[in-house]
Amino acid sequence: MKTIYLDNAATTQVYPEVVEAMMPFFTEHYGNPSSIYSFAGEAGKAVDKSRETIASVIGADPSEIYFTGGGSESDNWALKATAEAYSGKGKHIITSKIEHHAVLHTCEWLEKQGFEVTYLDVDENGVVSPDALKAAIRPDTILVSIMMANNEIGTIEPIAELGKVAHEAGVLFHTDAVQAFCHIPINVDEMNIDMLSASGHKHNGPKGIGIMYIRKGVKIRSFIHGGAQERNRRAGTHNVPGIVGMGKAAELAVSDMERRIKYETELRDHLIERVLAEIPYSRLNGHRTDRLPNNANFCFRFIEGESMLILLDQNGICASSGSACTSGSLDPSHVLLAIGLPHEIAHGSLRLTLSEKTTMEDIDFTVDKLVGIIERLRGMSPLYADFTASNKK
């Protein structure tokens, strides 16, 4: 059976060109780039090259890029280190109700340390309002953290406007760009970003590597202590193969971004149009147009999401009902609840995230199977039976 992989928001295939670029740094140029002897020089040069490549993707200076173990570490660093460094100014932080748990759980931890966090509401499309942010900022606000694009429903936030509001109030602005990095254009200056988190495995790079962009002048300290790596801001021996892989993946993604966005958007829109037209009592979650090119998220009434995923898997289709980081939870998505969906509808969610290797045939096969799966599950649902019976009266 052919596997159709439609869970690219969870992780992506590492491209062969990326693996090829990484391999010499496992077996040939395996020196520690922090060492001073010449044998380590190739590793050091490779780290520098990747730093320059990644900086160019977001319009930053290479000296503002710091390598981390992934997006979650970068989010933790941004929030905890800012809280520590700027606590003398205030202890108020602003974020949104639809952030990734790497931000939300860190905020919950900070609340236990005496910080106050405001969680902004979003509209029915998952958009954070700049006016709402402006109203929430106080004299003691030290940080605003709003994700660039939501990992579940795909909505792209008005980051430039939100960052402008924060800067006008003299407040630092961080964005979790894990889902957006290398998928849509980013410029940290034009978008008023002071700190940015990203991860390698969301754009065909390896797992276990990420970056933090920290604008010059932002005075946050180390998050991991123990060495002088990353200009004394992030201890630990460099993951050279991972760094090389993330840099190569970024290079490939940016060189082909315009074509990739166009192609994935066409597939996405075809998927959305077919599902909404052919499956009754379905709805699209997230903004219809201001969304990631590869993201489609639906809810189906009278359906339980886990059963749907199992039946899709039996047909060789890999999908999810939300964030991979909460796949073991029985609770409905906090993102879907935040956009106003009731629990019983939020439980019937399906996230399909494409790649440039997804084909139109893959999409049509998936929708054909999904139509039958929904019919089958609704046929076993007493709630659906009661609903249809009451509508016939």
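I will try to describe carefully the structure that is included in this document. (Residues numbered from 1 in each chain as written. Predicted model: local features only at pLDDT ≥ 70, side-chain atom pairs only at ≥ 80, totals over all residues. Heavy atoms only, no water.)

1. Section: the overall build of the chain
To be explicit about the condition: Working definition: helices are DSSP H or I runs of at least four residues, strands are E runs of at least two. Numbering for both runs from the N terminus. Atoms considered for the radius of gyration are the C-alpha atoms alone. The globule rule reads 2.2 Å times the number of residues to the power 0.38. Throughout, exposure labels follow a simple rule: accessible area from a 1.4 Å probe, protein chains only, divided by the maximum for the residue type, with under 20% read as buried, over 50% as exposed, and the rest as partly exposed. The criterion used for residue contact is that any of the two residues' heavy atoms lie within 4.5 Å. Here the Shrake-Rupley method, with its probe set to 1.4 Å, supplies the accessible areas, and only the displayed protein chains count as covering residues. Charge counting follows a simple rule: Lys and Arg are positive, Asp and Glu are negative, and His as well as the terminal groups are ignored. We put the charge of a Lys on NZ, of an Arg on CZ, of an Asp on CG and of a Glu on CD.
Counting its secondary structure elements, the chain contains 15 helices and 12 strands. Scaling as 2.2 N^0.38, a compact globule of 393 residues should have a C-alpha radius of gyration of about 21 Å, and the chain matches this with 22 Å. Seen through its C-alpha atoms, the chain measures out along the principal axes to roughly 80 × 55 × 35 Å. Expressed as a percentage of the 393 residues in the chain, the buried residues total 55%. Within the chain, contacts between residues separated by at least 24 positions form 74% of all contacts whose residues are at least 6 apart in sequence. Accessible surface for the chain amounts to roughly 16700 Å². Of this, 53% is attributable to carbon and sulfur atoms. When the 38 basic and 51 acidic side-chain charges of the chain are each reduced to a single mean position, those positions are 2 Å apart.

2. Considering the sheet that holds strand β2 (residues 65-68)
Worth spelling out the cut-off: Pairs of strands are assigned from DSSP output, requiring at least two bridges between the strands. To get an axis, fit a line to the C-alpha atoms, keeping to the stretch in contact for a helix; angles then go from 0 to 180 degrees between the N-to-C directions.
Reading across from one edge, β2-β8-β7-β6-β5-β3-β4 is the order of the seven strands in this open sheet, with mixed pairing throughout. Edge positions in the sheet fall to β2 and β4 (116-120), since each has one partner strand and no second. Neighbour-to-neighbour, the strand axes of the sheet open up by a mean angle of 20°, direction not taken into account. As paired strands, strand β6 (residues 172-176) and strand β7 (residues 195-199) are joined by three bridges and run parallel to one another. Within β7, the position partnered with D176 by the bridge is S197. Taken strand by strand, helix α3 (residues 41-58) contacts β2 and β8 (210-214), and its axis lies near 115° from that of β2.

3. Things to note about the packing of aromatic side chains
In plain terms, the rule: Aromatic pairs are defined between Phe, Tyr and Trp rings, using the six-membered ring for Trp, whenever the two ring centres lie within 6.5 Å; interplanar angles under 30 degrees are classed as stacked, those over 60 as edge-to-face, and all others as tilted. Ring-over charges, as used throughout, are those where CZ of Arg or NZ of Lys falls within 6 Å of the ring centre and within 35 degrees of the ring normal.
Counted by the stated rule, this structure contains eight aromatic pairs. Judged by centre distance (5.9 Å) and plane angle (75°), the ring pair of Y66 and W77 falls under edge-to-face. Separated by 11 residues along the polypeptide, Y66 in strand β2 and W77 in helix α4 (residues 71-86) bring together distant segments of the chain. Since its relative accessible area comes to 6%, Y66 is described here as buried. On the basis of relative accessible area, W77 is assigned to the buried category, the value being 0%. K80 extends its terminal NZ or CZ atom over the ring of W109, reaching a point 4.6 Å from the ring centre. Looking at K91, its charged tip hangs above the ring of F115, at a distance of 5.2 Å from the centre.

4. Description of the pairing of strand β5 (residues 141-145)
Regular strands place side chains that alternate from one sheet face to the opposite one. To be explicit about the condition: Here the term right-handed applies to a crossover when the path leading from its first strand over the helix to its second strand runs clockwise, the strands being oriented away from the viewer.
When you tally the buried positions in β5, you get five out of five residues, the bulk of the element. Here strand β3 (residues 92-96) runs beside β5; their pairing, made up of three bridges, is parallel. Pairing of I93 across the sheet is with L143, part of β5. Bridge count between β5 and β6: three bridges; the pairing is parallel. Looking across to β6, one finds that S145 is bridged to H174. With helix α7 (residues 159-168) bridging β5 and the parallel β6, this β-α-β connection has right-handed handedness.

5. Re the side chain of E157
We apply this condition: The term salt bridge refers to a pairing of a side-chain nitrogen on Lys or Arg with a carboxyl oxygen on Asp or Glu at a separation within 4 Å.
By secondary structure assignment, the location of E157 is in the loop between β5 and α7. For the buried E157, which has no salt bridge, the nearest side chain bearing the opposite charge is R291, at an N-O separation of 11 Å. If sequence neighbours within four positions are ignored, E157 has contacts with I98, G126, V127, V128, I146, M147, M148 and L162.

6. Thoughts on the sheet that holds strand β12 (residues 349-353)
In a beta sheet, neighbouring strands are held together by backbone hydrogen bonds and run either parallel or antiparallel to one another. Strand order in the open sheet formed by three strands is β9-β10-β12, and the pairing between neighbours is antiparallel. Since the sheet does not close on itself, it has two edges, and those belong to β9 (282-284) and β12, each with one partner. Looking at each pair of strands side by side, their axes are set apart by 25° on average, direction ignored. Pairing of strand β10 (residues 295-300) with β12, which is carried by five bridges, proceeds in the antiparallel orientation. Along β12, the bridge assignment pairs A296 with L352. Each of β10 and β12 is contacted by helix α11 (residues 305-314), which is oriented at about 40° to β12, the strand it contacts most.

7. Quick look at the nonpolar core
Among soluble globular proteins, nonpolar side chains are generally buried collectively. Short version of the rule: For the purposes of this section, nonpolar cores are sets of buried Ala, Val, Leu, Ile, Met, Phe, Trp, Tyr and Cys residues that join through side-chain atoms within 4.5 Å.
Counting residues in hydrophobic clusters, the biggest one holds 59 residues, and the most contacted among them are I58, M148, F181, I193 and L196. Ranked by the residues each element gives to this core, the list is headed by α3, at seven residues. With near-sequence residues (within four places) excluded, L196 lies in contact with M148, H174, T175, A177, I186, V188, I211, M212 and Y213. Ranked by size, the runner-up nonpolar core spans 27 residues in total, among them V275, L284, L352 and V371.

8. What about the pattern of salt bridges?
As enumerated under the stated definition, the model contains 23 salt bridges in all. Between K216 and D61 there is a salt bridge whose closest N-O contact spans 4.0 Å. Highlighted residues: K216 in the loop between β8 and α8 (229-232) and D61 in the loop between α3 and β2, separated in sequence by 155 residues. A residue is classified by how much of its surface remains accessible, and D61, at 33% relative accessible area, is partly exposed. The closest approach of N and O atoms between R215 and D194, which form a salt bridge, is 3.5 Å. Of this pair, R215 sits in the loop between β8 and α8 while D194 sits in the loop between β6 and β7, and the two are 21 residues apart along the sequence. The exposure classification of R215 matches that of D194, with both residues buried. What emerges from the salt-bridge pattern is a single network uniting D256, R259, R260, E264 and E356.

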